[in-house]
Amino acid sequence: MSKWNVRSIAAQDTIQPNLIPMVDIMFLLLLFLMLGSDMGQRELEAVILPKGIYVKEDKAPKGVVEEQRTTINVYHLQDSGVDSVQCEVYAKRETCRNPKHWRIAVRGKDFLAPDDKKFKELLKDEADIGRKKKTDKVSERKIMLRADGSAPYSLVQGVMHSCAFAGIYKIECGAARVVAESAVK
């Protein structure tokens, strides 16, 4: 034997990939997708819905995509935020009739009134999405109108009129279910 000790090299039978970097990348990707999603697509402004006795749960039927419906919110500006207002009438849950305090929101875009030119253009574009043929006058597009319980009816009526003018007649109104006192306790 020589003075050099020769060892045999043993081959490793199983190779295990290091999964930690892949898990880190997946978490980063998930975080990116959550934060990078279109935050302008908000549809739920701070709206205190009116109470309804006969309220059915809002579930999309099987095969119907939620994007086949447009949500329009009629809401009062709150005491917080960029366009904040302090309104004693609204704080008492009474009807605030100051038109400067109310906004109409569609997909994160705010409009001051239902007769706003840009609001009508948006409704026309929404109606065009629901038309089977370009020559159709009536659109199959659905609207979910969520109006604050203290909103002046003239504002809600104006939104409905603008929808009808655009050719959208399938309008649903949002309401909150009345919760029985025994269920609360």
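The structure contained in this document is the topic of the report that follows.

Turning next to the pattern of salt bridges. Tallied over the full model, the rule gives six salt bridges. A salt bridge links Glu-172 to Arg-69; the shortest N-O distance between them is 3.3 Å. Within this pair, whereas Glu-172 is found in strand β6 (residues 168-173), its partner Arg-69 is found in strand β2 (residues 69-76), the two being separated by 103 residues in sequence. Taking relative accessible area as the criterion, Glu-172 reaches 32% and is therefore assigned partly exposed. Owing to a relative accessible area of 13%, Arg-69 belongs among the buried residues under this scheme. Glu-140 is the partner of Lys-170 in a salt bridge, and the nearest nitrogen-oxygen pair spans 2.6 Å. Pair noted here: Lys-170 is in strand β6 and Glu-140 is in strand β5 (residues 139-147), with a separation of 30 residues, a long-range link. Residue classification places Glu-140 among the partly exposed positions, given a relative accessible area of 37%. Residues joined by salt bridges that share partners form a network here, namely Arg-107, Glu-126 and Arg-141.

A full pass over the atoms with the stated rule returns two aromatic pairs. A ring pair is formed by Tyr-90 and Trp-102, whose centres lie 6.0 Å apart and whose planes are at 85 degrees; its orientation type is edge-to-face. In this pair, Tyr-90 is assigned in helix α2 (residues 88-91) and Trp-102 in strand β3 (residues 102-106), connecting sequence segments 12 residues apart. Of the two residues, Tyr-90 and Trp-102, neither departs from the other in class, the shared state being buried. Consider the rings of Phe-111 and Phe-119, whose centres lie 5.3 Å apart with planes at 55 degrees: the pair is tilted. Both residues of the pair, Phe-111 and Phe-119, belong to the buried class. The ring of Phe-165 has Lys-120 lying over it, and the distance from NZ or CZ to the ring centre is 5.4 Å.

Definitions and limits used
Residues numbered from 1 in each chain as written. Predicted model: local features only at pLDDT ≥ 70, side-chain atom pairs only at ≥ 80, totals over all residues. Heavy atoms only, no water. Salt bridge = Lys/Arg side-chain N within 4 Å of Asp/Glu carboxyl O. Helix = DSSP H or I, 4+ residues; strand = E, 2+ residues; numbered from the N terminus. Buried < 20%, exposed > 50% of the residue type's maximum accessible area, 1.4 Å probe, protein only. Phe/Tyr/Trp six-rings, centres within 6.5 Å; stacked < 30°, edge-to-face > 60°. Lys NZ or Arg CZ within 6 Å of the ring centre and 35° of its normal.

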